[in-house]
Amino acid sequence: MAATSDVLKPDFGATKKHFIFTEEHDRLRESIRSFVQKELAPHAAEWEETTFPDSVIRRMGELGFLGLSMPEQYGGQGGDYFANIVLAEEMAHAQSGGTAMGVAVHTDMAMPPIHLFGTEEQKQEWLVPAIKGEKILCLGITEPDAGSDVAGIKTRAVRDGDEYVINGSKTYITNGHRADVIVLVTKTDPDAGHGGITLFLVPMDLPGVIREKRLEKLGMHASDTALLAFQDVRVPASAMLGQEGKGFYHISWELQGERLIGAAGCVAGAQRVFDQTVKFALERKAFGREIGHFQVIRHKFAEMATAIESARQMVYTTAWRFANGEYPVREISMAKLHASRVAVDVADECIQIHGGAGYMKEYGVERAWRDLRLNRIGAGTDEIMLDVIGRSYGL
Ligand SMILES: Cc1cc2nc3c(=O)[nH]c(=O)nc-3n(C[C@H](O)[C@H](O)[C@H](O)COP(=O)(O)OP(=O)(O)OC[C@H]3O[C@@H](n4cnc5c(N)ncnc54)[C@H](O)[C@@H]3O)c2cc1C
């Protein structure tokens, strides 16, 4: 008969290991978490009012967190895609969705296309200082009249000798007020549909670039969101990023990485608010006992934990395929759709479990809900994800 110590018992407190992560990723996770908890989280409430300062980007550059998967020759850490997943997950501990989003737009939305499609000169001019945190990036796809329908954009870039002249407008642009450069999606041939779209790297201090308005929003208050106008902005032909007429395909690729990183952030955000709420439910008493011990509340947690775990597994498995050279658009869309919905549902249920406290700013649960709500809209809405998934079956 086995001795008592040999009997296998469930270990609910064990660290969650996953095969995509190595010990190096674990060490990276520890160092990012320590930075986030010491230097970002204490400012979460303040930055809701002021937006996060640019010094956050500079500091993260100094610490080497902005180019985790970028080559060492450009100042990056030379890590893999999973390092970016670690960053997205740990940024959830800033308790400030807006700060996490501003950083993610820099590292995982605007930076990858510069790395993949940029010329050596463009990389030296923008990628190197962006990895150092000395220059801030933003990405301009959405326009007042075209969001989901990227081919419907109207911003025009017209060739004039050795230059292009850009006219148009972009909206909801994260980092739009603080950025030094924008990865701008334009039309160079308005009659060519998807084949008429071209990317440019446009310095934000050029004459004709107008930061029109700081937009107010439901959540993500720590980020800045801009309405931008481009009026006869002249850029040299060398400012083109990637190939002329291939911008739609470049940006479609960029969106896949962005969606998966967003999904990882959703899982981590949901987990953080879940953990906070478990603690609350084990302390808060009603009718003579801790509310977490009511079966109905226990089952809410069980449902949430199962949903979070399912989203996490989808993200990790899909990230593994993406990192190994596949282009699993269907599964990335599924992961993005599922993780966003889970995150919003979990945050909503956590407000419920907190009762009136959940509605108060002091607890931060309402902020988590407001911040996470964006994920069902940004980087491709739920409806667009469903359409991509449905079409992938030939429907
Ligand atoms: C806080 C915030 C930050 C953002 N940051 C950026 C940024 O940095 N850069 C950037 O370029 N954009 C950014 N966006 C824009 C975001 O990506 C778009 O809002 C999103 O893609 C949806 O586009 P839209 O708002 O134009 O909605 P629309 O495309 O007008 O959609 C409106 C509704 O119609 C539905 N719909 C549209 N087409 C279809 C269809 N074919 N089938 C079924 N339903 C459909 C949509 O799902 C949605 O419910 C940001 C948005 C927000 C709110």
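What you are looking at is a predicted structure, and each value in this text was computed from that prediction instead of being measured.

Q: So what about the overall build of the protein? Which residues, and what values?
A: Along the backbone of the protein there are 12 helices and 10 strands. In terms of C-alpha radius of gyration, the protein reaches 22 Å, essentially the compact-globule figure of 21 Å for 395 residues. Each of the three principal axes of the protein carries a C-alpha extent, and together these read 85 × 50 × 45 Å. Expressed as a percentage of the 395 residues in the protein, the buried residues total 52%. Long-range pairs, those at least 24 residues apart, make up 73% of the contacts in the protein between residues at least 6 apart in sequence. Summed over its atoms, the accessible surface of the protein is roughly 18,600 Å², and 52% of this surface lies on carbon and sulfur atoms.

Q: Give me the environment of lysine 217: which residues, what numbers.
A: By the element assignment, lysine 217 lies in the loop between β6 (209–214) and β7 (225–236). Judged by its relative accessible area of 28%, lysine 217 is partly exposed. As for lysine 217 and asparagine 84, which are separated by 133 residues in sequence, their C-alpha atoms are 27 Å apart. Here serine 223 takes part through its backbone oxygen, which lies 2.9 Å from a polar atom of the side chain of lysine 217. A distance of 2.9 Å separates a polar atom in the side chain of lysine 217 from a polar atom in the side chain of threonine 225.

Q: Help me get a handle on the packing of helix α9 (residues 329–354) against helix α12 (residues 382–391), residues and values and all.
A: Here α9 crosses α12 at 150 degrees, and the two axes come no closer than 9 Å. Put simply, α9 runs roughly antiparallel to α12. Remark: the crossing between α9 and α12 carries left-handed chirality. In this structure, α9 uses Val329, Arg330, Ser333, Met334, Lys336, Leu337 and Arg341 to contact α12, whose residues at the interface are Asp382, Met385, Leu386, Val388 and Ile389.

Q: Report on the site of the ligand, specifying residues and quantitative values.
A: In the vicinity of the ligand lie 17 residues, with Thr142, Ser148, Tyr172, Thr381 and Glu383 positioned nearest. In this structure, an oxygen atom belonging to the ligand sits 3.4 Å away from a main-chain N or O atom of alanine 379. Here the ligand has 980 Å² of accessible area as a free molecule, and 63% of this is covered by the chains. Listing elements by their share of the shell around the ligand, those giving two or more residues are β1 (137–140), β3 (163–174) and α12. Element by element, the count of residues in the shell around the ligand is highest for β3, at three residues. Of the residues belonging to the shell around the ligand, the class tally is eight nonpolar, seven polar and two charged.

Q: Please give an account of the side chain of glutamate 366 that cites residues and values.
A: Residue placement: glutamate 366 occurs in helix α11 (residues 365–373). Filtering out sequence-adjacent residues up to four positions away, glutamate 366 remains in contact with Ile351, Gly358, Tyr359, Met360 and Lys361.

Q: So what's going on with helix α3 (residues 55–62)? Which residues, and what values?
A: Turning to α3, its buried residues number three or more, namely Val56, Ile57, Met60 and Gly61. Viewed along the axis of α3, the buried residues span an arc of 135 degrees, placing them on a single side of the element. Phi turns positive one or two residues past the end of α3, at glycine 64, with a value near 80 degrees.

Q: Outline the pattern of salt bridges, supporting the account with residue identities and numerical values.
A: For the coordinates displayed, the defined rule picks out 23 salt bridges. For arginine 29, the salt bridge identified is with glutamate 89, shortest N-O distance 2.7 Å. Of this pair, arginine 29 sits in helix α1 (residues 23–40) while glutamate 89 sits in helix α4 (residues 81–90), placing them 60 residues apart in sequence. In terms of burial, arginine 29 and glutamate 89 fall into one category: buried. Across the pair glutamate 326 and arginine 321 runs a salt bridge, and its minimum N-O distance is 2.7 Å. Overall, glutamate 326 belongs to the partly exposed group, its relative accessible area being 35%. By relative accessible area, which is 24% here, arginine 321 ends up partly exposed. One network of salt bridges, with partners in common, ties together Arg29, Arg33, Glu89 and Glu90.

Q: So what's going on with the nonpolar core? Which residues, and what values?
A: Considering soluble globular proteins, one finds that nonpolar side chains tend to be buried as a cluster. Formed by 64 residues in total, the largest nonpolar core has its most connected members in Met60, Ile85 and Val315. Where this core is concerned, the elements lending two or more residues are α1, α3, α4, α5 (97–117), α7 (247–283), α8 (295–323), α9 and α11. When residues of this core are assigned to their parent elements, the largest contribution, 11 residues, is made by α7. Contact partners of methionine 60, with chain neighbours within four places excluded, come to Phe35, Phe65, Leu66, Leu87, Met91 and Val103. In this structure, Ala104, Trp126, Ile197 and Phe248 belong to the second largest nonpolar core, which totals 32 residues.

Q: Help me get a handle on the state of the cysteines, residues and values and all.
A: Enumeration over the complete set of coordinates arrives at zero disulfides. Not engaged in a disulfide, the cysteine cysteine 350 finds its nearest cysteine sulfur in cysteine 266; these two sulfurs lie 14 Å apart. Classification of cysteine 350 as buried rests on a relative accessible area of 0%.

Q: Residues and numbers for a nonpolar patch on the surface, please.
A: There is a patch of nonpolar side chains on the surface, built from Tyr359, Met360 and Tyr363 and spanning about 370 Å² of accessible area. Relative to the assigned elements, methionine 360 resides in the loop between α10 (356–359) and α11.

Q: Tell me about unusual backbone geometry, and name the residues and values.
A: One non-glycine residue, threonine 51, lies in the positive phi region at around 65 degrees. Within the secondary structure, threonine 51 sits in the loop between α2 (44–50) and α3.

The rules we used
Residues numbered from 1 in each chain as written. Predicted model: local features only at pLDDT ≥ 70, side-chain atom pairs only at ≥ 80, totals over all residues. Heavy atoms only, no water. Helix = DSSP H or I, 4+ residues; strand = E, 2+ residues; numbered from the N terminus. Rg over C-alpha atoms; globule rule 2.2 N^0.38 Å. Buried < 20%, exposed > 50% of the residue type's maximum accessible area, 1.4 Å probe, protein only. Contact = heavy atoms within 4.5 Å. Areas by Shrake-Rupley, 256 points an atom, 1.4 Å probe, with all protein chains shown as cover. Polar contact = N/O pair within 3.5 Å; in protein donor to acceptor, adjacent residues only side chain to side chain. Axes fitted to C-alpha atoms, helices over the stretch in contact; angles between N-to-C directions. Parallel < 35°, antiparallel > 145°, perpendicular 65-115°, else oblique. Left-handed = near helix turned anticlockwise from the far one by under 90°. Near = heavy atom within 4 Å. Nonpolar A, V, L, I, M, F, W, Y, C, P; charged D, E, K, R; others polar. Arc of directions from axis to C-beta. Salt bridge = Lys/Arg side-chain N within 4 Å of Asp/Glu carboxyl O. Core = buried A, V, L, I, M, F, W, Y, C linked by side-chain atoms within 4.5 Å. Disulfide = S-S within 2.5 Å. Patch = residues over 30% accessible without salt bridge, like charges linked within 9 Å, V, L, I, M, F, W, Y side chains within 5 Å.

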